[in-house]
Amino acid sequence: MSPEDFEAAVSDALLLIPDKAARAMDNVAIFIEDDYIPQPGDEPDTVLLGLYEGVPLTERDSWWDAGSLPDRITIFRQPILDICGSRQEVIDEVAITVIHEIAHHFGIGDDRLHELGWG
């Protein structure tokens, strides 16, 4: 899948977010990168499909808006391509990953996402 087609899959996945939830998202930017580079303290063979970095809405206080940078959601292209065997699998996995990371923005943890089938 070309980078342009992958970007289109991410855009399409964002359209799956219910309007009410999309309107509630606050100060979050979504990026696509080729691969996750393990950070100091990570296992060197760490593989991520997506990453949420920021302060979940459930943890923000009244001072949060004062100069805070946007939360960041990154979707990693190569790991998704590596685990998928078809174009449709890529599209499905991108949707799952996008929704999973946006759920973190709303304060939903990995355990609950796995229970809901978005793990």
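Residues numbered from 1 in each chain as written. Predicted model: local features only at pLDDT ≥ 70, side-chain atom pairs only at ≥ 80, totals over all residues. Heavy atoms only, no water.

Draft legend 1. Main features of the overall build of the chain. Helix and strand counts for the chain stand at five helices and three strands. Going from the N terminus to the C terminus, the chain shows its helices and strands as α-α-β-β-β-α-α-α. Since a compact globule built from 119 residues should have a radius of gyration of about 14 Å, the 15 Å found for the chain is in line with a globular shape. In terms of overall dimensions, the chain has a C-alpha envelope of 45 × 35 × 30 Å along the principal axes. Burial statistics for the chain: of 119 residues in total, 30% are counted as buried. The contacts in the chain between residues at least 6 apart in sequence include a share of 70% that link residues at least 24 apart. If you sum the accessible surface of the chain, you get close to 7400 Å²; carbon and sulfur atoms cover 53% of it. Within the chain, one finds 7 positive and 25 negative side-chain charges whose respective centroids are separated by 9 Å. (Helix = DSSP H or I, 4+ residues; strand = E, 2+ residues; numbered from the N terminus. Rg over C-alpha atoms; globule rule 2.2 N^0.38 Å. Buried < 20%, exposed > 50% of the residue type's maximum accessible area, 1.4 Å probe, protein only. Contact = heavy atoms within 4.5 Å. Areas by Shrake-Rupley, 256 points an atom, 1.4 Å probe, with all protein chains shown as cover. Lys, Arg positive; Asp, Glu negative; His and termini not counted. Charge placed at Lys NZ, Arg CZ, Asp CG, Glu CD.)

Draft legend 2. Quick look at the pattern of salt bridges. The final tally for this structure, using the stated rule, is four salt bridges. A salt bridge links Glu-33 to Arg-72; its shortest N-O distance comes to 2.8 Å. One end of the pair, Glu-33, is in strand β1 (residues 28–33); the other, Arg-72, is in strand β3 (residues 71–76), and 39 residues separate them in sequence. A relative accessible area of 32% places Glu-33 in the partly exposed class. Look at the salt bridges and you will find they share partners, linking Glu-33, Glu-53 and Arg-72 into a network. (Salt bridge = Lys/Arg side-chain N within 4 Å of Asp/Glu carboxyl O.)

Draft legend 3. View of the pairing of β3. Counting buried positions along β3 gives five out of six residues, so the element sits mostly inside the fold. The pairing of β1 with β3 spans six bridges and is parallel. Paired with Ala-29 across the strands is Arg-72, a residue of β3. Of the pairings in the sheet, the one linking strand β2 (residues 50–53) to β3 comprises four bridges and is antiparallel in character. Bridging from a neighbouring strand, Leu-51 pairs with Thr-74 of β3. (Pairing = 2+ DSSP bridges.)

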